[in-house]
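# Commentary on secondary and tertiary structure
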2 protein chains.
Amino acid sequence: MAPMVQRVALIGFGAVGRAFARLLLRKDAEIQQRHGLAIRVTGIITARRGAAWDPEGLDLAAALRAVEEGGGLSPLSRSPAPAETIAFIERCPADVVVEITVLDPRTGQPATDHVRAALESGRHVVTANKGPLAFAYRALRDLARSRGRAFLFESTVMDGAPLFSMVREGLPATRIQGFRAILNSTTNFILTRMEEGLSFEEAVRQAQAIGIAEADPSNDIDGWDAAVKTCVLANVWMEADLRPDQVQREGIRGIGPADLEAARRAGRRIKLVCSAERTEDGQVRARVAPEAVPLEDLLAHVRGTSSVITLRTDTLKQLTLIEHEPEPMQTAFGLLADLVNVARGHWG
Amino acid sequence: MAPMVQRVALIGFGAVGRAFARLLLRKDAEIQQRHGLAIRVTGIITARRGAAWDPEGLDLAAALRAVEEGGGLSPLSRSPAPAETIAFIERCPADVVVEITVLDPRTGQPATDHVRAALESGRHVVTANKGPLAFAYRALRDLARSRGRAFLFESTVMDGAPLFSMVREGLPATRIQGFRAILNSTTNFILTRMEEGLSFEEAVRQAQAIGIAEADPSNDIDGWDAAVKTCVLANVWMEADLRPDQVQREGIRGIGPADLEAARRAGRRIKLVCSAERTEDGQVRARVAPEAVPLEDLLAHVRGTSSVITLRTDTLKQLTLIEHEPEPMQTAFGLLADLVNVARGHWG
C-alpha cells in the first residue's frame, strides 16, 4: 500500500530544524514502513538563507548542505517563493506548518503570528516554540478547534520527551491537580557543577562552553525560561490563563557555595523548582524558585542537564517522567512525534 | 451531541473489577463531557457470583452492592446469561471485553483463552492480565490485527501508569533498545523495610499485612512476577518471543542484612532489577536479579511500593517513568484509559 503523504513546511531552519532534517533522513524508511506515512518537506523559509518550496518535496540533504556551507535555499526552489514569512505560510504547498523560528521570549513573537496565520490558512501546526503557548494558548487552541486542525507542541517543554502526549493519550478523564518539576537544563547543570566545587561564574562559563547557556545567560539564570515553561504547562493542563510575568519567579543568581553547603549538611540539594497548584478559590498558582529539596524527593537526584516532572492527578496520584541529558536531536524528535500523531489523527 | 456509547463486558469482578466500577461511576459524567463517550457495562461474569447482562447497561452500583454483600449478580440480568465464560464472551452484547480474571501465572490461563475467544468473536480486548502477553503475545496481536480489533493492556505492568501508551503514542518511529526497571512492588517494599532494619521475615509479614504479598509470597520473592513482566515488555516492545522461564531469574530470598549493609557502605542499594537488552546476534536477553545499584542511578531512589522503568531508545536516548505507591484504583485507571483509547481509535 502506498504510504500517506504528509507535506510539511519548516518555518525556520536553525539548529532544531537541521536536526529535524537529519532525523527525518535517518528515519524516513522506518516511518513509511511502521506508520504508513511519507513525510515530505515541501517548504523551508529562513531569516537569512532565503526560502524554497516544491510541492513534490525538497531535497533535504541538499538543503542541509546549502545552509551548512553558508549558501542560500532559493536554488532548490521549484518556483520563486515569497521572502515574507506570513505570505510563505499562507501560500506554501503544505498540510502542516512546523514553527521553529527564533523567539523573543518577552513577547512570544513572531512565532505566535506564524501559528495563527498557519491555522487560519487551514494548516495543522506543530511547534517547538514556547512563546505561542505562554502568550496565546487559549486563543490558538480555540482557533485550531474551530478550524478542525491539530495544534501540537511536544518539543516546547522537556524537549521531545513525551510529556504532552502522555497526558493527552495516557491520562484521559484525568485532572492534573499540580506539578513539581525541574525544567531548565542550564540552571540544573550550573547547580550540579557548583555542588562539585565550581564557583557560580565558573559553572556559567562551563555551561556556555558546552553550548547550553547563551552569552547573556540571564534568561536561564533569572528563571525566565523556567517561568515560561511553567506557564505553558499550567495553561495547557490546568485551564490556567497565565502569562509568564504572572509566574512568581526567583532565579539562582543569589545562590552561593554557603547555601549549597548548608543544604548538603541538611541532607538536601538546591534545585530550581517549577511548580503549579490549584488554590482553594480555583485559581492556579505557578512558581519558580530555588528550593532545598530533601534527598527522599526524586527531584534531588536529577542532575546535570536532565529534567524531571512529577504530576499530581486525580486518577493515578503521582507520576514522574525524567529526561536524561537531552541533545538537539531530542527536540527534533518531538517534532517528528507530533507529525506522526497529526497524520494518524491522534491529537483531538 | 449525544455521546458515543461503548458497551463493555467485564470478565471477572474481583478487586480490580470493582475498583474499575467505582472509578467509572465517579468519572462517567467527565468522560462523557470531555471525550464524548458513554461507557456502559453491559455484562459481568464472575467465578462465584454468577453472571448478568443487559444490552442497555447494568446498574453498576447495584452490582457492587450485590457482590460486596455476598450476593449474586443474576438478579440484575435482563435475561438469563450463560454461566460458562467462553459462551458468555461469545454472546454478550459488548463491543469491548475487559479480561480481569484470576490468573494461573504458570500457564497464562484462563485469560489467554478468554482473550482469544473475544477477539475471534469480533470484540476489542482490554486486559490487566499479564499471562496472555507473556505466553501468547505474538499470536494474540496478530489475531487482533487480522480482525481489525484493538488489544490493549496498559494495566499489566506498573498498574495504570501510561507505559504502553507512552511508547505507542509518544515514541513513534522509535526502537526500544533495552530497559532497566523495578517492576515488583512487593520485593521493593521488602528491601526498603529491610534497609530500615526489619528482618526478611518481618518485612514479608508487613507486606502481607498491608495486602501486597500473598500468604505464599514466593511468586514475588522468587522473581516470578518480575520475570513475567520483563517477558511482557520484551515481547511487546522488542519483538522478542520469550516465555517467562526464558527470563534469567534470581529472587531476593538470599538477601540478608549483611548484603544490605555491604551495599550501604559501598554507596549502593540492593534492588530487584528487571532488564532486557538486544545482544549482538539480534536476540533479546532478559533478566531479573538483585543488584547493588549505585546512588547515582535513579533506580536506587525508588522505594517502597513504587516502581520505575528507564528505557533506552534510538531517538530520545534515555527516558524514565516512575509510578508512586499504587493502589487498586491505579490498575482500574489503566483499564479506563485503554477503553477511552479504543473508543477514539488510538490503538493502531
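Summarised in this report is the structure supplied together with it.

Rules used throughout
The residue count restarts for each chain, going from 1 along the sequence in the order it is written. As a convention, the first chain written is A and the first ligand written is 1, with the rest following in written order. Two thresholds apply to this predicted model, a pLDDT of at least 70 for residue-level local features and 80 or more for giving and counting side-chain atom pairs, whereas whole-chain, interface and lining totals are computed over all residues. Each side-chain value is worked out from all heavy atoms of the structure, with water and hydrogens disregarded. A run of DSSP states H or I qualifies as a helix once it reaches four residues; a run of E qualifies as a strand once it reaches two. Both are numbered from the N-terminal end. The quantity called the radius of gyration is restricted to C-alpha atoms. Its globule counterpart is 2.2 Å times the number of residues to the power 0.38. A 1.4 Å probe rolled over the protein chains alone gives each residue an accessible area, and that area as a share of the maximum for its type sets the label: buried under 20%, exposed over 50%, partly exposed in between. Any pair of residues with heavy atoms lying within 4.5 Å of one another is described as a contacting pair. Values of accessible area rely on a 1.4 Å probe in the Shrake-Rupley scheme; residue burial ignores everything except the protein chains shown. Charge counting follows a simple rule: Lys and Arg are positive, Asp and Glu are negative, and His as well as the terminal groups are ignored. Throughout, a charge is located at the NZ atom of Lys, the CZ atom of Arg, the CG atom of Asp or the CD atom of Glu. By this definition, two strands are paired if DSSP reports at least two bridges between them. Here an angle of 0 to 180 degrees is reported between the N-to-C directions of two axes, which are lines fitted to C-alpha atoms, with helices fitted over the stretch in contact. Here a salt bridge means any side-chain nitrogen of Lys or Arg lying within 4 Å of a carboxyl oxygen belonging to Asp or Glu. Under this definition, polar contacts are N or O atom pairs within 3.5 Å; protein pairs additionally need one hydrogen-donor-capable and one acceptor-capable atom, and for neighbouring residues in sequence, both atoms have to be side-chain atoms. Nonpolar residues are Ala, Val, Leu, Ile, Met, Phe, Trp, Tyr, Cys and Pro. Charged residues are Asp, Glu, Lys and Arg, and all others, Gly as well, are polar. Pairing of aromatic side chains here covers Phe, Tyr and the six-membered ring of Trp, requires ring centres within 6.5 Å, and sorts the geometry by plane angle: under 30 degrees stacked, over 60 edge-to-face, intermediate tilted. A ring is considered to have a charge above it if a Lys NZ or an Arg CZ atom is located within 6 Å of its centre and within 35 degrees of its normal. The copies are overlaid by a least-squares fit using only the C-alpha atoms of residues whose pLDDT is at least 70 in both copies.

When its secondary structure is counted, chain A shows 12 helices and 12 strands. For a compact globule of 348 residues, the expected C-alpha radius of gyration is about 20 Å, and chain A comes in at 21 Å, within 12% of that figure. With the principal axes as the frame, chain A shows a C-alpha extent of 65 × 45 × 35 Å. Looking at chain A as a whole, 59% of its 348 residues qualify as buried. For chain A, contacts bridging at least 24 residues in sequence account for 69% of all contacts bridging at least 6. Just so you have it, chain A exposes about 13700 Å², and 47% of that area is on carbon and sulfur atoms. The positive charge centre, built from 42 side chains, and the negative charge centre, built from 44, are 2 Å apart in chain A.

Residues and elements named next belong to chain A. In space, the 6 strands of this open sheet follow the order 3-2-1-4-5-6, with mixed pairing throughout. Looking at strand neighbours, the two that pair on one side only are strand 3 (51-53) and strand 6 (151-152), the edges of this open sheet. Note: strand 5 (residues 124-127) against strand 6, 2 bridges, orientation parallel. Looking at strand 6, one finds that Val-125 is bridged to Phe-151. Running at roughly 175 degrees to strand 4 (residues 96-99), helix 4 (residues 111-120) makes contact with strand 1 (4-11), strand 4, strand 5 and strand 6 of the sheet. Across the sheet, helix 12 (residues 328-343) touches strand 1, strand 2 (37-45), strand 4, strand 5 and strand 6, and the angle it forms with strand 5 is around 160 degrees.

Residue-level contacts link 47 residues of chain A with 47 residues of chain B. The tally of links between chain A and chain B comes to 8 salt bridges. Measuring nitrogen to oxygen at the nearest pair gives 2.4 Å for the salt bridge that ties Lys27(A) to Asp314(B). Counting every contact that joins chain A to chain B gives 29 residue pairs in polar contact (both at pLDDT 80 or more). Looking at the side of chain A that touches chain B, the elements that each hand over two or more residues are helix 1 (15-35), helix 6 (163-170), strand 12 (318-323) and helix 12 of chain A. Here the side of chain A that touches chain B is built from residues that sort into 18 nonpolar, 16 polar and 13 charged. Summarising the sheet, strand 12 of chain A and strand 12 (residues 318-323) of chain B pair through 5 bridges and their orientation is antiparallel.

Residue and element names in this part refer to chain A. Across all of its chains, the model carries 12 aromatic pairs over all chains by this definition. Ring centres of Phe-153 and Phe-164 lie 4.8 Å apart, and the angle between their planes is 85 degrees; this geometry places the pair in the edge-to-face category. Of this pair, Phe-153 sits in the loop between strand 6 and helix 6 while Phe-164 sits in helix 6; the two residues are 11 residues apart in sequence, bridging distant segments of the chain. For the residue pair Phe-153 and Phe-164, the accessibility class agrees, reading buried in each case. The interplanar angle of 55 degrees and the centroid separation of 5.7 Å between the aromatic rings of Phe-164 and Trp-237 together place this pair among those described as tilted. Here the residue Phe-164 occupies a position in helix 6, and Trp-237 occupies one in helix 10 (residues 224-238), the gap between them amounting to 73 residues. Residue classification places Phe-164 among the buried positions, given a relative accessible area of 5%. Trp-237 sits in the buried class, given a relative accessible area of 11%. Members of the aromatic cluster, connected to one another through ring pairs, are Tyr-137, Phe-151, Phe-153, Phe-164, Phe-179 and Trp-237. The aromatic ring of Trp-224 is capped on one face by Arg-249, whose charged end is 3.9 Å from the ring centroid.

Attention now moves to the relation of the copies chain A and chain B. Rotating chain A by 180 degrees and translating it 0.0 Å along the rotation axis places it on chain B, where the RMSD comes to 0.0 Å. What the superposition gives is, in effect, a two-fold axis relating one chain to the other. Relative to the rotation axis, the C-alpha of Leu321(A) is the closest in chain A, positioned 2.3 Å from it.

All right, on to the pattern of salt bridges then. Side chains bearing opposite charge may pair, as long as their charged atoms lie close to each other. Overall, the coordinates contain 56 salt bridges over all chains when judged by the stated rule. A salt bridge links Arg193(B) to Glu196(B); the shortest N-O distance between them is 3.2 Å. Its relative accessible area of 22% is what places Arg193(B) among the partly exposed residues. One salt bridge in this structure joins Arg303(B) and Glu195(B), with 2.3 Å as the shortest N-O distance. Of this pair, Arg303(B) sits in the loop between strand 10 (284-294) and strand 11 (307-313) while Glu195(B) sits in helix 7 (residues 185-195), and the two are 108 residues apart along the sequence. A single network of salt bridges, built from pairs that share partners, joins Lys27(A), Glu30(A), Arg34(A), Arg175(B) and Asp314(B).

The linkage connecting Gln109(A) with the following residue, Pro110(A), adopts the cis geometry, with an omega of 0 degrees. In the Ramachandran plot, Met158(A) falls in the positive-phi region, its phi being about 55 degrees despite a non-glycine side chain. Counting through the fold element by element, Met158(A) comes out in the loop between strand 6 and helix 6. For Glu239(B), which is not glycine, the phi dihedral falls at a positive 55 degrees. Within the secondary structure layout, Glu239(B) lies in the loop between helix 10 (224-237) and strand 8 (248-249).

All names here are of chain B. What the 6 strands build is an open sheet, ordered 3-2-1-4-5-6; its pairing is mixed. This sheet does not close on itself; its edge strands, each paired only once, are strand 3 (51-53) and strand 6 (151-152). Pairing between strand 1 (residues 4-11) and strand 4 (residues 96-99): 4 bridges, direction parallel. Bridging from a neighbouring strand, Ile-11 pairs with Glu-99 of strand 4. Across the sheet, helix 4 (residues 111-120) touches strand 1, strand 4, strand 5 (124-127) and strand 6, and the angle it forms with strand 4 is around 175 degrees.

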